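Summary of the model geometry
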Amino acid sequence: MTTQSLPAPSGCRWCGLEEREHFQRWKSPVGWHVWTEPTSDQRKERMRERRAASASVETPKETPLTADEWNTAWPVGTPILAWPGSRDAEPLTTATRTTAWTLGSGHAVVSVEGCTGGIFLTHIQPIHQNGDPR
Ligand SMILES: [Zn+2]
């Protein structure tokens, strides 16, 4: 399930489409209608649904973001999922091959098997081998 299938928080009260994509729509039982501002309860509910949907994807929860925290928590050779490019791409299943370090820019990175250079810790997720990561 992706957030794309859910109505935007500001989507139409009747059909969930955003104003800019909304011309006239037929939606039972409302019939033909123009974009109507959603109620604030509706916005809240939609935001809650979108949060729930994105949480069920692979948002790293407690991944340490500094190199030191990472090195304390995860030894070299930790099995991980890595997103060398975009977080939207398919992850690489691999393992760390160095300890993490901090770049001059302040970003913490680590090297992984199969990739040269460092990958941002924000693009790394340890694989929990004993089932549920939470
Ligand atoms: Zn509508």
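Use the structure listed above.
Figured I'd write up the structure that's included with this text.

**Some words on the overall build of the protein chain**
Broken down by element type, the protein chain carries 2 helices and 8 strands. Starting at the N terminus and ending at the C terminus, the protein chain contains elements arranged as β-β-α-α-β-β-β-β-β-β. Expressed as a percentage of its 134 residues, the buried residues of the protein chain come to 15%. Sequence-distant contacts, at least 24 apart, represent 45% of the contacts inside the protein chain between residues at least 6 apart.

**Regarding the sheet that holds strand β3 (residues 79-82)**
Strand order in the open sheet formed by 3 strands is β4-β3-β8, with antiparallel pairing between adjacent strands. Only two strands of the sheet have a single neighbouring strand rather than two, namely β4 (92-95) and β8 (124-126). Put simply, the sheet's adjacent strands are angled 35 degrees from each other on average, direction ignored. Pairing analysis gives 4 bridges linking β3 to β4, with the strands arranged antiparallel. By the bridge assignment, Leu81 is partnered in β4 with Thr93.

**Details of the environment of Asp41**
Tracing the backbone shows Asp41 in helix α1 (residues 40-55). Judged by the 8 C-beta atoms lying within 10 Å of it, Asp41 falls in the exposed class. On a C-alpha basis, the gap between Asp41 and Pro9 in space is 9.9 Å, while along the polypeptide they are 32 residues apart.

**With respect to the nonpolar core**
Membership of the largest hydrophobic core is limited to 12 residues, which are Trp70, Trp74, Ile80, Ala82, Ala100, Ala108, Val109, Val110, Val112, Ile119, Leu121 and Ile124. When residues of this core are traced back to their parent elements, those giving at least two are β3 and β6 (108-110). Top element by residues in this core is β6. It accounts for 3 residues. In this structure Trp74 touches Thr96 and Pro126, once residues within four positions along its chain are discounted.

Each value, and the rule that gives it
- Residues numbered from 1 in each chain as written.
- Predicted model: local features only at pLDDT ≥ 70, side-chain atom pairs only at ≥ 80, totals over all residues.
- Helix = DSSP H or I, 4+ residues; strand = E, 2+ residues; numbered from the N terminus.
- Buried ≥ 20, exposed ≤ 12 C-beta atoms within 10 Å, placed from the backbone.
- Contact = placed C-beta atoms within 7 Å.
- Pairing = 2+ DSSP bridges.
- Axes fitted to C-alpha atoms, helices over the stretch in contact; angles between N-to-C directions.
- Core = buried A, V, L, I, M, F, W, Y, C linked by C-beta atoms within 7 Å.

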